[in-house]
Amino acid sequence: MNVAIFMPEILPVAGYGGTERIAVNQVRGLAARGHTITLLAGAGSRVAEAALVSVPLPGAKGRTFEIDPYLPPGTDVVLSNVKLHHPPTSAPWVEVLHGNRRPNETGPVNTIHVSGDHARRHGGHCWVHNGVDPAEVEFRPTKQAFDLFLGRLHAVKGYYWAIAGAKRLDRKLRIAGAWRPSLDRRIRYLGQVGGAQKTALVADARLLWMPALWDEPFGMTLVEAMGSGTPVLGTRRGALPEIITPEVGRLGGTLDELLALAPECEKLAPEACRARFEKYFTHHVMAAEYERVLQEFVRTGTLPAGRKPEERGV
């Protein structure tokens, strides 16, 4: 297929990124499967596997533009990673929802979600799990004596559960996402991290705290930890139960449950974590699912149902 992937940012991003990294991995994964990819992104983007068409960056909030003039002739389908205010009329299109919509907010019927739970909560049925390029993570079977929390220091992320857990269990905790002073010898704030520093942190941690107190659409850090051989200690919210299985992590409903599960979580085999990552959550696996979904959509005009990892036959 000739696939146009729309992400109006400069790719790849210099920092951590989220949706931007997923868009790059969509390009690389689908190109590796033999598809011709046009990347509609900001000027200065460089993703070798795609032909670049420069598009305006969003700029001021609410600024939109028509996408049709930027599509090359022969485009079979448009895969947009942002909301399309002016959908194309010259080619079929789908929209990937990466976050949670507001209550009572609706979206197009041709929406691809990023997990089964995400789809159910938004009244959809089609979803594709995100995938990470194995080159972006480093597997380390030997861990260091610290736990890790990686993400925004927002209440819904549950970071204060990780802090309380470290104090009660007398465990060292490193927090990557923001910086603030700490007088506790066990708690160390690292600020925002990216690149090699983030890769090493995730690979060295004995476990990753993911005590989400909201419904996570997916959770890229889960997959990054898995690929690094690092087990996950989290809550049963959103997509976590369909991503984290007993061989790669432990899930609980309260802080007390997580505290009880932490010792056995850190003893899980790094090799098992890596094996699940390689089987189900690389960008190549993600691309195979996008291929299936997009081909069905182009053929019938309808998005197929999403598939659980164990149903993919990989």
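Everything discussed here concerns the structure shown above.
Residues numbered from 1 in each chain as written. Predicted model: local features only at pLDDT ≥ 70, side-chain atom pairs only at ≥ 80, totals over all residues. Heavy atoms only, no water.

Enquirer: What is the right way to look at the overall build of the chain in this model?
Expert: A count of helices and strands for the chain gives 9 helices and 12 strands. Expressed as lengths along the three principal axes of its C-alpha atoms, the size of the chain is roughly 60 × 40 × 40 Å. Buried positions account for 54% of the 314 residues belonging to the chain. Across the chain, the fraction of contacts at a sequence separation of at least 24, relative to all contacts at a separation of at least 6, is 60%. Here the chain displays about 13700 Å² of accessible surface, and carbon together with sulfur accounts for 52% of that area. Across the chain, the 38 positively charged side chains and the 32 negatively charged ones have centroids separated by 5 Å. (Helix = DSSP H or I, 4+ residues; strand = E, 2+ residues; numbered from the N terminus. Buried < 20%, exposed > 50% of the residue type's maximum accessible area, 1.4 Å probe, protein only. Contact = heavy atoms within 4.5 Å. Areas by Shrake-Rupley, 256 points an atom, 1.4 Å probe, with all protein chains shown as cover. Lys, Arg positive; Asp, Glu negative; His and termini not counted. Charge placed at Lys NZ, Arg CZ, Asp CG, Glu CD.)

Enquirer: Mind showing me how you'd approach the nonpolar core here?
Expert: Side chains of a nonpolar character, in soluble globular proteins, are inclined to be buried together. In this structure, Ile112 and Leu148 are the most contacted members of the largest nonpolar core, which totals 59 residues. Counting residues per element, this core draws most heavily on helix α9 (residues 283-300), at 6 residues. Ignoring sequence-local partners within four residues, the contact set of leucine 148 consists of Leu173, Arg174, Ala176, Leu201, Val202, Ala205, Leu207, Leu208 and Trp209. Membership of the second largest hydrophobic core comes to 20 residues, among which are Phe149, Ile187, Leu255 and Leu261. (Core = buried A, V, L, I, M, F, W, Y, C linked by side-chain atoms within 4.5 Å.)

Enquirer: Please explain the sheet that holds strand β9 (residues 187-191) as it appears in this structure.
Expert: Pairing between the strands of a sheet is mediated by backbone hydrogen bonds and can be parallel or antiparallel. The strand order across the open sheet built from 6 strands is β9-β8-β7-β10-β11-β12, with neighbouring strands paired in parallel fashion. Each of the sheet's edge strands pairs with one partner strand only, and the pair in question is β9 and β12 (249-252). Taking each pair of neighbouring strands and ignoring which way they run, the sheet shows an average axis angle of 20 degrees. Taken together, the 4 bridges between strand β11 (residues 232-235) and β12 define a ladder with parallel strand orientation. Within the sheet, the bridge partner assigned to glycine 234 lies in β12 and is leucine 251. Packing of helix α4 (residues 195-204) onto the sheet brings it into contact with β7 (147-150), β8 (173-176) and β9, and relative to β7 it is tilted by some 135 degrees. (Pairing = 2+ DSSP bridges. Axes fitted to C-alpha atoms, helices over the stretch in contact; angles between N-to-C directions.)

Enquirer: Explain the packing of helix α5 (residues 220-227) against helix α8 (residues 270-280) here, please?
Expert: Each pair of packed helices gets described by two things: the angle between the helix axes and the distance between those axes. Where α5 meets α8, the axes come as close as 7 Å, and the angle between the chain directions of the two elements is 120 degrees. Here α5 is positioned oblique relative to α8, judged by the angle of their axes. Of α8, the residues touching α5 (which contributes Val223, Met226 and Gly227) are Cys273, Arg274, Arg276 and Phe277. Of the residues contributing to the contact of α5 with α8, the split by class is 4 nonpolar, 1 polar and 2 charged. (Parallel < 35°, antiparallel > 145°, perpendicular 65-115°, else oblique. Nonpolar A, V, L, I, M, F, W, Y, C, P; charged D, E, K, R; others polar.)

Enquirer: So what exactly am I meant to see when it comes to the pattern of salt bridges here?
Expert: Should the charged atoms of two oppositely charged side chains come close, the side chains can pair. Under the definition given, this model contains 24 salt bridges. For glutamate 224, the salt bridge goes to lysine 198, with nearest N and O atoms at 3.3 Å. Here glutamate 224, found in helix α5, pairs with lysine 198, found in helix α4; they are 26 residues apart in sequence, far enough to count as distant. The pair glutamate 224 / lysine 198 is uniform in exposure class, with both members buried. (Salt bridge = Lys/Arg side-chain N within 4 Å of Asp/Glu carboxyl O.)

Enquirer: How should I be thinking about empty space enclosed by the protein in this particular structure?
Expert: Rolling a probe over the atoms, with the probe sized like a water molecule, indicates the empty space that remains. Enumeration over the complete set of coordinates arrives at 1 cavity of 30 Å³ or more. In this structure, the largest cavity encloses a volume near 40 Å³. Contributing to the lining of the largest cavity are Glu136, Val137, Glu138, Lys198, Thr199, Val202, Glu224 and Ser228. Counting residues per element, the lining of the largest cavity draws most heavily on α4, at 3 residues. Residues that form the lining of the largest cavity fall into these classes: 2 nonpolar, 2 polar and 4 charged. (1 Å grid on protein atoms, 1.4 Å probe; cavity = no way out; pocket = protein on both sides within 12 Å on 5 of 7 lines; lining within 4 Å. Points joined across faces, edges and corners; volume = space filled by probe spheres on them.)

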